[in-house]
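Residues per chain are reported as follows:
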Amino acid sequence: MAGPRVVIIGAGVVGAALADEISARGWTEVTVVDQGPLPATGGSSSHAPGLVFQTNSSKTMTELARYTVEKFCSLDVDGKPCFLQVGGLEVATTPERVAELHRRHGWITAWGIEARLLTPEECVEHHPLVNPDRVLGGLLVPTDGLAKAVLAVEAQIRRATDRGVTFLARHEVLDVQQADGRVTGVLTDQGEIPADIVVCCAGIWGPKIARMVGMNLPLTPLGHQLAWTGPVPALAGQTEEAVRPILRHQDADLYYRDRFDAIGIGYYGHRPMPITADDILSVDEAADMPSVLKFTEDDFAPAWTETQSLLPATKDAKVEEGINGLFSFTTDNFPLLGESPDVKGFWVAEAVWVTHSAGVGRAMAEWLVDGFCSSFDLHECDVNRFEQHQLAPEYVLARDCQNFVEVYDILHPLQPSGKPRPIRTSPFHTRQQEHGAVFLEANGWERPQWYEANSGLVEGRSIPAPNDWAAQYWSPIVGAEAQATRETVAMYDMTALKRLEVTGPGAADFLEGLVTGKVAKSVGSVTYTLLLDEDGGIRSDITVARLSRDQFQVGANGNLDLDWFTRHLPSDGTVQVRDITPGTCCIGLWGPLARKVLQPLTDEDFTNEGLKYFRAKRAYIGTVPVTAMRLSYVGELGWELYTTADQGQKLWDTLWQAAQPLGGVIAGRGAFNSLRLEKGYRSFGTDMTYEHDPYEAGVGFAVKLDKGDFIGKAALERRKTDVQRQLTCLTIDDPRSVVMGKEPVYDGERAVGYVTSAAYGYTIGKGIAYAWLPSELATPGTTLHIGYFDERVEAVVAAEPLFDPTMSRLRG
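Think of each chain on its own: its residues are numbered from 1, step by step along the sequence as written. pLDDT decides what is reported in this predicted model: residues at 70 or higher carry local features, side-chain atom pairs at 80 or more are listed and counted, and totals for whole chains, interfaces and linings draw on all residues regardless. The side-chain quantities take in all heavy atoms of the structure and omit both hydrogens and water.

K.L.:
Teacher, can you tell me more about the sheet that holds strand E7 (residues 88-92) here?
P.N.:
Backbone-to-backbone hydrogen bonds join strands into a sheet, with any given pair of strands oriented parallel or antiparallel. Strand order across the open sheet formed by nine strands is E8-E9-E7-E17-E18-E19-E16-E21-E20, with mixed pairing between neighbours. Across the chains shown, the open sheet's two edge strands, defined by having one partner strand only, are strand E8 (116-118) and strand E20 (292-293). Pairing between two strands requires that DSSP report at least two bridges joining them. By definition, any uninterrupted DSSP run of H or I lasting at least four residues is a helix, any uninterrupted run of E lasting at least two residues is a strand, and each is numbered from the N terminus. Where E7 lies against strand E9 (residues 137-141), five bridges are found, and the strand directions are antiparallel. Bridge pairing in E9 places Glu 90 opposite Leu 139. Packed onto the sheet, helix H4 (residues 95-110) meets E7, E8, E9 and strand E17 (246-249) and runs at close to 145° relative to E7. For this analysis, residues touch if any pair of their heavy atoms sits within 4.5 Å. Axes here mean lines fitted to C-alpha atoms, for a helix over just the part in contact, with angles spanning 0 to 180 degrees between N-to-C directions. Of the strands in this sheet, strand E16 (219-229) and strand E21 (319-330) are in contact with helix H10 (residues 393-405), which crosses E16 at around 25°.

Structure representation (structure tokens):
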């Protein structure tokens, strides 16, 4: 099949990879245009130093890199290899970095790539230029290496051309043409090219191209220093381009690579050097290439001093050339992939470095041809993941520059983002500040982790302290708030969770076609259900409350859920979807005394008979109109109470005044996470993602195969009987050994899975870790070990839920 007419803008390492991958899947009516010459087009690919380190805290990013390595290893141009697999070595010069390398070894092991930790002596054996007096240890990934980016572009251009793809050099894009909300073609300085699909792979020019269809692309090109020494006498006579591993010295924001008898030095320790896409010179204007700016020697001076200390042989050489090369940065360090929310057929594959380029090419080809990506979980990379404030130019610039500065920093998983903050505050924010809230950030929302006003709750309780790493962004107050929730009643700010409203005469049928459960039930029903992709992978878990015949409220996970709903709206206008999060707020009132707090405040019946579990109704709490849903993510009696933002503080004050005489507390996210793990409640994006199906994830109860058709149903019918891995509950006896997530799980010496969520269970008195494991190891009582830094923590598979398995506390 020839497929639709596709125009790819940009023939760098991403555009070439996409052309190769999409033509291999049978779409050959493809034209690739670039303003520069081929194969060195003048973008970031043309000057990229080529270092490919696969280690990443994101499983998806590691898998994209692994595919890139495997593909590039198979490519050559007239016998010249596209990848030099010399290995990758990261060295530590501080005790903190040694610990970080242990954590990184855990990631790469969890994601299934061979790696090993090295002693200082072994580091020097692998890279003899390294000063043995500086290094405390290292991490070696043998399959890392050097990508020859321009050669890889040329190799993939040749393959795609052989299948019929057309490449047009020196064609500058002037406009992306559209009609009736979809693309129709691309206008270049040499004429029009008709198109059914346009994919922007323009790299640092991406924001400029995206604006042609009114799309705001949150990407900043930043200058990054790369210098080359002249001949290093110690390397004299080296005839191969690279023989030593690529090297990272992250304590000083540096990396190194061989180039025959010279050394390449990359540096992130300088000031951020942002530039807008509009200010990048054209191909004809640039002295060298548009993506290369003038080298600023003063910025590089600290790097050269540190280099001579780590690699003493460089003292006998000089820095002979250098550039400030432009690369793309994003606000969360992930690529920007997917289709415009407003213009059908306009897709982007942006902010992709050489490291992940071939993987992204494959992912995009699958997504375009099949309608979904089967090889990679792309939920972190979808361009439609952002909230509106995350597209603001000021926000994008600040976060992108911060990410440049922190690119090699040791970052704690709970570490709050920097400026600009605060951005989004709930109506309860003033009251939370009065109670000494310690805020972390969630999608721009200031969300309390615990409240210092509850410090008195700790007295008389046994709250074990975790290890030093887990104790960051933690307080014993977290444990006290969790225990108090189970003892009396607690108020939780749930405003940060996304809320959608689905209305119209077609709303019920619309939802039925998207979700796995039955939601077209009686008014007042609440359903926990799933959104699936065509292959049966979980796109989200949501709650759907039917508030009237044609009105539903959806508890969603993020903007991707809104995007999914919007893309599937019927064209006849019978359904409307809107995000009601900014104008509403929510308090979770949970605990055994919750009814004693709530019932005196309202004339409505909140007894068990008056509002059963997973039912909703409207009521007045004092003078505040609320939508009350009898749900609980912490496993206790209670309700989610929703009202409009203008009455949020009044609702807080009303409930708090009633809760105090009963010993009620306000509690934060730290307690919430502990309590939800004791109940075995999943968190989408952490415990389960697009790559998992409901039966593997333990949420098969939310699937009703006896209902009408829904997206993913056919795939589930095939997958139901082939469950080879399971999301599994593990418990840890030693409270000091609480883990954090993304650690490898071992059966003996064999890595068999990885941790998703973890916390200490203050009710059950054990550490809790959920992990993906082979089904044969998911039997309760099985003893395994979790790799946590340089330790092996014993963990035992447990039946779930760990707390209240009869659900008596929830249903009482």
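On we go from here.
K.L.:
Can you walk me through unusual backbone geometry in this structure?
P.N.:
With glycine set apart, most residues show a phi of negative sign, and most peptide bonds adopt trans. At the junction of Lys 419 and Pro 420, the peptide bond is cis and its omega measures out at -5° in the coordinates. Here Pro 420 is to be found in the loop between H10 and helix H11 (429-434). Even without being glycine, Asn 333 reaches a positive phi, approximately 70°. With respect to the helices, strands and loops of the structure, Asn 333 is situated in the loop between E21 and strand E22 (336-339). The residue Phe 789 is not glycine, and still its phi comes out positive at about 55°. Inspection of the secondary structure puts Phe 789 in the loop between strand E41 (783-788) and strand E42 (791-798). With relative accessibility at 22%, the residue Phe 789 sits in the partly exposed group. Only protein chains enter the area calculation, which uses a 1.4 Å probe; residues under 20% of their type maximum are buried, those over 50% are exposed, and those in between are partly exposed.

K.L.:
How should I be thinking about the packing of aromatic side chains in this particular structure?
P.N.:
A ring pair, where both rings are aromatic, is described by two values, the distance of the centres and the angle of the planes. For Phe, Tyr and Trp, where Trp contributes only its six-membered ring, two rings pair if their centres lie within 6.5 Å, and the inter-plane angle classes them as stacked under 30 degrees, edge-to-face over 60, or tilted in between. Counted according to the given criterion, the structure contains 25 aromatic pairs. Measuring from centroid to centroid gives 5.1 Å for Trp 111 and Tyr 754, while their planes differ by 75°, and the two rings are edge-to-face. With Trp 111 in the loop between H4 and E8 and Tyr 754 in strand E39 (residues 750-761), this residue pair connects regions lying 643 residues apart in the sequence. There is no split in this pair, since Trp 111 and Tyr 754 are both buried. Judged by centre distance (5.4 Å) and plane angle (80°), the ring pair of Phe 329 and Trp 353 falls under edge-to-face. A residue pair is termed long-range when its members are at least 10 positions apart, and Phe 329 in strand E21 and Trp 353 in the loop between strand E23 (346-350) and helix H9 (357-370) qualify at 24 residues. Judged by relative accessible area, which is 2%, Phe 329 ranks as buried. Residue classification places Trp 353 among the partly exposed residues on the basis of a relative accessible area of 27%. Clustering of aromatic rings is evident, with ring pairs tying together Tyr 255, Tyr 268, Phe 327, Phe 329, Trp 353, Phe 404 and Tyr 408.

K.L.:
Even after reading the chapter, I still don't get the pattern of salt bridges, so can you show me in this structure?
P.N.:
Pairs may arise between side chains of opposite charge once their charged atoms sit close together. When a carboxyl oxygen of Asp or Glu is within 4 Å of a side-chain nitrogen of Lys or Arg, the pair counts as a salt bridge. Enumeration over the complete set of coordinates arrives at 55 salt bridges. Between Arg 362 and Glu 366 there is a salt bridge, with the nearest N and O atoms lying 3.1 Å from each other. Separated by four residues within a single helix, Arg 362 and Glu 366 lie in helix H9, roughly one turn from each other. Overall, the relative accessible area of 3% leaves Glu 366 in the buried class. Of the charged contacts, one joins Lys 518 and Asp 706 as a salt bridge, the two residues approaching to 3.5 Å between their closest N and O atoms. Here Asp 706 lies in the loop between helix H18 (694-697) and helix H19 (713-719) and Lys 518 lies in the loop between helix H13 (507-512) and strand E28 (526-532), a separation of 188 residues in the sequence. With a relative accessible area of 35%, Lys 518 lands in the partly exposed category. With a relative accessible area of 61%, Asp 706 lands in the exposed category. The network of salt bridges with shared partners includes Asp 20, Glu 21, Arg 25, Lys 71, Arg 159, Arg 163, Arg 362 and Glu 366.

K.L.:
So what exactly am I meant to see when it comes to the sheet that holds strand E26 (residues 490-493) here?
P.N.:
Pairing within the open sheet is mixed, and its six strands lie in the order E33-E34-E35-E32-E26-E36. Strands at the two margins of the open sheet, each flanked by one partner only, are strand E33 (616-621) and strand E36 (665-666). With four bridges connecting them, E26 and strand E32 (residues 584-590) associate as antiparallel partners. Bridge pairing in E32 places Ala 490 opposite Trp 590. Strands in contact with helix H12 (residues 476-487) are E26, E32 and E36; relative to E26, the strand with the most contacts, it is inclined by about 120°.

K.L.:
How should the nonpolar core be read in this particular structure?
P.N.:
Nonpolar side chains in soluble globular proteins tend to be buried together. Here the nonpolar core consists of buried residues drawn from Ala, Val, Leu, Ile, Met, Phe, Trp, Tyr and Cys, with membership extended through side-chain atoms lying within 4.5 Å. The biggest cluster of nonpolar side chains holds 73 residues, and the ones touching the most others in it are Ile 8, Leu 18, Phe 72, Val 199, Leu 337 and Met 364. Residue contacts for Ile 8: discarding those within four places in its chain leaves Gly 15, Leu 18, Ala 19, Val 30, Thr 31, Val 32, Val 33, Val 199 and Cys 201. Membership of the second largest hydrophobic core comes to 32 residues, among which are Val 198, Ala 202, Met 215 and Val 383.

K.L.:
Would you mind going over the state of the cysteines with me for this structure?
P.N.:
Disulfide: a covalent bond formed between the sulfur atoms of two cysteine residues. Cysteine sulfur atoms that pair up within 2.5 Å are treated as a disulfide. This model, assessed by the stated rule, comprises zero disulfides. Counting only cysteine sulfurs, Cys 586 is the nearest neighbor of Cys 585, a cysteine outside any disulfide, at a range of 7.7 Å.

K.L.:
Looking at this model, I keep getting lost on the environment of Gly 214. Mind explaining?
P.N.:
The residue Gly 214 is located in the loop between helix H7 (206-211) and E16 in this model. Gly 214 sits in the exposed class, given a relative accessible area of 60%.

K.L.:
In this structure, what is going on with the environment of Val 796? I would like to understand it.
P.N.:
For Val 796, the location among the structural elements is in strand E42. For Val 796, a relative accessible area of 25% gives the class partly exposed. For the pair formed by Val 796 and Thr 686, sequence separation is 110 residues and the distance between their alpha carbons is 21 Å. Dropping the residues within four chain positions of it, Val 796 is found in contact with Cys 729, Leu 730, Thr 731, Gly 781, Thr 782 and Thr 783.

K.L.:
Looking at this model, I keep getting lost on helix H17 (residues 669-678). Mind explaining?
P.N.:
For an α-helix, 3.6 residues make a turn, and residues three or four places apart therefore share a direction. For H17, a buried count of eight out of ten residues is recorded, marking the element as mostly surrounded by other parts of the structure. The set of residues buried in H17 consists of Gly 670, Ala 671, Phe 672, Ser 674, Leu 675, Arg 676, Leu 677 and Glu 678. On its buried face, H17 sits against strand E25 (445-451), H12, E26, E32, E39 and strand E40 (766-774). Of the residues trailing H17, Gly 680 is marked for its positive phi of about 75°.

K.L.:
Honestly, helix H16 (residues 648-659) in this entry has me stumped. Any pointers?
P.N.:
Here, expected helix span is obtained from the residue count minus one, scaled by 1.5 Å. Its twelve residues place the ends of H16 16 Å apart at the C-alpha level, agreeing with the 16 Å of an ideal helix rising 1.5 Å per residue. What H16 keeps buried is the set Gly 648, Leu 651, Trp 652, Thr 654, Leu 655, Trp 656 and Ala 659.

K.L.:
Explanation requested: the packing of helix H1 (residues 13-24) against helix H3 (residues 59-73) in the structure shown.
P.N.:
Each packed pair of helices is defined by two parameters, the angle between the axes and the distance between the axes. Relative to each other, H1 and H3 sit at 75°, their axes nearing to 14 Å. In terms of orientation, H1 lies roughly perpendicular with respect to H3. The residues of H3 that touch H1, namely those facing Val 13, Ala 17, Asp 20 and Glu 21, are Tyr 67, Lys 71 and Phe 72. When residue character is reported, Ala, Val, Leu, Ile, Met, Phe, Trp, Tyr, Cys and Pro are called nonpolar, Asp, Glu, Lys and Arg charged, and the others, Gly included, polar. When its residues are assigned to classes, the contact of H1 with H3 shows four nonpolar, no polar and three charged. Note on terminology: angles under 35 degrees are roughly parallel, angles over 145 are roughly antiparallel, angles of 65 to 115 are roughly perpendicular, and the others are oblique.

K.L.:
Just checking my understanding: could you explain the pairing of E39 for this structure?
P.N.:
Along any regular strand, the residues point their side chains to alternate faces of the sheet. Within E39, ten of the twelve residues are buried, which leaves it mostly tucked inside the rest of the structure. Inspection of the sheet shows strand E38 (residues 744-747) paired to E39 by four bridges, in the antiparallel sense. Bridging across to E39, Tyr 746 finds its partner in Ala 751. Counted between consecutive antiparallel strands, the loop separating E38 from E39 contains two residues, among which Gly 748 sits at a positive phi close to 70°. Two strands pair when backbone bridges link them, and E39 and E40 are joined in this way by six bridges, in the antiparallel orientation. Considered in E40, the bridge of Ala 758 is made with Ala 769. Count of turn residues in the E39/E40 antiparallel hairpin: four residues, of which Gly 765 carries a positive phi of about 75°.

Purely spatial values, then, with no claim about function.
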